Structure formats: structure tokens, C-alpha cells
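# Remarks on the overall topology
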Amino acid sequence: MNLITQLSQQAAQAARTLLTLKEETKNTILREMATQLRANSAAILAANHDDLKRAKEDNLPDAMLDRLLLNEARIEAMAHGIETVASLPDPVGQLRDLGTQPNGLKISKMRMPLGVICMIFEARPNVTADAAALCFKSGNAVILRGGKEALNSSKAIANVLQSVLRSFNLPEALVTVVPTAER
């Protein structure tokens, strides 16, 4: 079994654990993720330093280096973003009325999780936290494939988020970063 198939199966199994989580539990977990990002900023910044060093050696343009750069302010922005997601209403189970047919049949749509979302993005490590929070809030596991330039930073951010998941007895496969830069 190849790596992506294995990660996908683990994420699909993990996603089932979100089906029973109440909105307040999800919000509590998200707020703890924000707290832990702040508390673990040194480890995240160290991983980012390694990514930046390699990117400079590879002569990446300044604009790419800026997108790759993390600092305390950017980590704070990630944490604040997660807190903002926690403050949003839970989309799972929301009904949208589509009207009534001439025969009296009422039609509505209910928002339900997809299960697993796979996301490919460029070398912006902050997307790791943003995507993880949005997917978690909407009841989905996420598999993230960021640019190879941000691999260490993305893994460090995911490690922090996964430690929070473990502390709430949830599977870390809810937030997965593809651990290799290979295609």
C-alpha cells in the first residue's frame, strides 16, 4: 500500500470520530490549538528557520521567502485565525430551506461533512493551521500537501495541532501533512 493510500484510509477512519463531537467541544479544541501554537512558537520558528535557510540556498525569490517566513506576529495571526473559526457557528447539520413544491413537498439542504479533504497549496506554512481549523470545525479530516519549501514548518505546525487532538483522545490523522516532498 502506498503512502497516500495509507494516509487517506487513516484520515477517513479519523473523520468518523468528528461525527459525534458537539459544537462546544470542537470550539474548546480549536481554542486549545490556538493556545498551543502560541506556546510552541519556538519549535515552529526553528523548523521555519531550517526551511528559510534551504530556500535561500536554493535562491528562491524574495517574494517566495516572504510567503515562507514565519515570525511571532504570523504565528499570532494563525492562532487568532483559529480562534475566529472557533467563534463561527457550527455548519454541521444546518438546514437551508429551498422552498415548497406546488404539491406541498418542502425541500431543504442539510450541511454535512465530506469526510476527508485533501488540499494542495504552495509554500505558505500558515495555510496548515488555517485549513486544519476550517476542516475540523466543519467535521472533516484534512490531508495537507504544501510546497516542499515549507515542509518542516508545516510539519511543526501540524505536530502542535496533533498534540492537542491526542490530548482530547482524538486521532492525529484528523490533521495530516504529507511527510515527504516526493511527488
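Everything below is about the structure printed above this text.
The following paragraphs examine the structure supplied in this document.

Cut-off values and rules
Going along each chain's sequence as written, the residues are numbered from 1 onward. Where local features are concerned, this predicted model is filtered to residues with pLDDT of at least 70; where side-chain atom pairs are given and counted, the filter is 80 or more; whole-chain, interface and lining totals use all residues. To get the side-chain values, take all heavy atoms of the structure and skip hydrogens and water. The term salt bridge refers to a pairing of a side-chain nitrogen on Lys or Arg with a carboxyl oxygen on Asp or Glu at a separation within 4 Å. A run of H or I in DSSP counts as a helix once it spans at least four residues, and a run of E counts as a strand once it spans at least two, with each numbered from the N terminus. Buried, partly exposed and exposed residues are distinguished by accessible area as a fraction of the type maximum, computed with a 1.4 Å probe on protein chains only: under 20%, between the cut-offs, and over 50%, respectively. In this scheme, strands are said to pair when DSSP sees at least two bridges between them. In this description, a line fitted to the C-alpha atoms serves as the axis of each element, helices being fitted only across the stretch in contact, and the angle between N-to-C directions of two axes falls anywhere from 0 to 180 degrees. Between two residues, a contact is recorded if the distance between any of their heavy atoms is within 4.5 Å. Every definition here rests on a 1 Å grid over the protein atoms only: cavities are sets of points where a 1.4 Å probe fits but cannot get out, pockets are open sets enclosed by protein on both sides within 12 Å along at least five of seven lines, and lining residues have some atom within 4 Å of a point. Grid points are joined across faces, edges and corners, and a volume is the space filled by probe spheres set on the points. Think of it as three bins: nonpolar holds Ala, Val, Leu, Ile, Met, Phe, Trp, Tyr, Cys and Pro, charged holds Asp, Glu, Lys and Arg, and polar takes everything else, Gly as well. Criterion for a disulfide: a pair of cysteine sulfur atoms at a distance within 2.5 Å.

For the rest of this paragraph, the subject is the pattern of salt bridges. This model, assessed by the stated rule, comprises nine salt bridges. The shortest N-O distance in the salt bridge between Asp51 and Arg54 comes to 3.7 Å. In this pair, Asp51 and Arg54 both sit in helix α3 (residues 41-57), three residues apart, roughly one turn of the helix. The class for Asp51 is buried, based on a relative accessible area of 1%. A network of salt bridges, in which partner residues are shared, links Arg38, Glu76 and Glu83.

Time to look at the sheet that holds strand β3 (residues 116-120). Reading across from one edge, β3-β4-β5 is the order of the three strands in this open sheet, with parallel pairing throughout. Of all strands in the sheet, those bounded by a partner on one side alone are β3 and β5 (175-177). Within this sheet the neighbouring strands show an average axis-to-axis angle of 15 degrees, counted without direction. Bridging between strand β4 (residues 141-145) and β5 involves three bridges; their strand directions are parallel. Looking at β5, one finds that Leu144 is bridged to Val177. Strand contacts of helix α6 (residues 126-137): β3, β4 and β5, with the helix running at about 160 degrees to β4, the strand carrying the most contacts.

A few words now on the layout of surface pockets. Roughly 190 Å³ of internal volume is contained in the second largest pocket. Every residue along the wall of the second largest pocket is listed here: Leu7, Gln10, Lys155, Ala158, Asn159, Gln162, Glu172, Ala173, Val175, Thr176, Val177 and Pro179. Of all the secondary-structure elements, those providing two or more residues to the lining of the second largest pocket are α1 (3-15), α7 (151-167) and β5. Split into classes, the residues belonging to the lining of the second largest pocket amount to six nonpolar, four polar and two charged.

So, on to the state of the cysteines. Applying the stated criterion across every chain, the model contains zero disulfides. Sulfur of Cys118: no disulfide; nearest cysteine sulfur belongs to Cys135 and is 9.4 Å away. You can call Cys118 exposed: its relative accessible area is 56%.

Don't take any of this as a statement about function, it's just geometry.
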